[in-house]
Amino acid sequence: MVNIFVDLHVEAVETYKICIEIDKLTNSIENLISGDSFATEVLLFGKSDLKTVTKTKGWLFNWSKEYKLTEREIYKLTIRDNPKIIQ
């Protein structure tokens, strides 16, 4: 298991630290229960994606706030052929 710490500089006065636990490195998304593996794609995040990544849907990352920062591009990790479900 690997712990990765990431600094997110959302605004000039704010820095967020995220601890991400990686239990296994793979070339895909893997269902730990079934062992099924799904090929992934990294796609540009768009305005229509905002409704799928809300706090009420379990997201702790503020996608909306990040999306409003026009000097950045935001990308999403999806299962290939299923770009509406963001991982």
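The notes below deal with the structure included here. Owing to the predicted nature of the structure, the values given are computational and were not obtained by experimental measurement.

Formed by F45, V53, W63, I74 and I86, the largest nonpolar core amounts to 5 residues. Dropping the residues within four chain positions of it, I86 is found in contact with F45, D49, T52, V53, W59, W63, K76, L77 and T78.

So, on to the side chain of K76. Along the chain, K76 falls in strand β6 (residues 75-79). Within the structure, the side chain of K76 is placed 2.9 Å from the side chain of D49, a separation counted as a polar contact. In this structure K76 touches E41, V42, L43, L44, F45, D49, P83 and I86, once residues within four positions along its chain are discounted.

Turning our eyes to something else, we now look at the environment of E41. Here E41 shows up in strand β5 (residues 40-44). Its relative accessible area of 29% is what places E41 among the partly exposed residues. In this structure, the C-alpha to C-alpha distance between E41 and D81, residues 40 residues apart in sequence, is 8.6 Å. Each residue touching E41, except ones within four places of it in the same chain, is listed here: K76, L77, T78, R80 and D81.

Glancing now at the pairing of β6. One ladder, built from 5 bridges, connects β5 with β6; its direction is antiparallel. What sits directly across from E41, in β6, is T78.

The subject of this paragraph is the packing of aromatic side chains. The tally for this structure, following the rule as stated, stands at 4 aromatic pairs. The interplanar angle of 20° and the centroid separation of 4.6 Å between the aromatic rings of F45 and W63 together place this pair among those described as stacked. With F45 in the loop between β5 and α1 (63-67) and W63 in helix α1, this residue pair connects regions lying 18 residues apart in the sequence. For the residue pair F45 and W63, the accessibility class agrees, reading buried in each case. Ring centres of W59 and W63 lie 5.4 Å apart, and the angle between their planes is 85°; this geometry places the pair in the edge-to-face category. Joined through ring pairs, the aromatic side chains of F45, W59, F61, W63 and Y67 make up one cluster.

Criteria and cut-off values
- Residues numbered from 1 in each chain as written.
- Predicted model: local features only at pLDDT ≥ 70, side-chain atom pairs only at ≥ 80, totals over all residues.
- Heavy atoms only, no water.
- Core = buried A, V, L, I, M, F, W, Y, C linked by side-chain atoms within 4.5 Å.
- Buried < 20%, exposed > 50% of the residue type's maximum accessible area, 1.4 Å probe, protein only.
- Contact = heavy atoms within 4.5 Å.
- Helix = DSSP H or I, 4+ residues; strand = E, 2+ residues; numbered from the N terminus.
- Polar contact = N/O pair within 3.5 Å; in protein donor to acceptor, adjacent residues only side chain to side chain.
- Pairing = 2+ DSSP bridges.
- Phe/Tyr/Trp six-rings, centres within 6.5 Å; stacked < 30°, edge-to-face > 60°.

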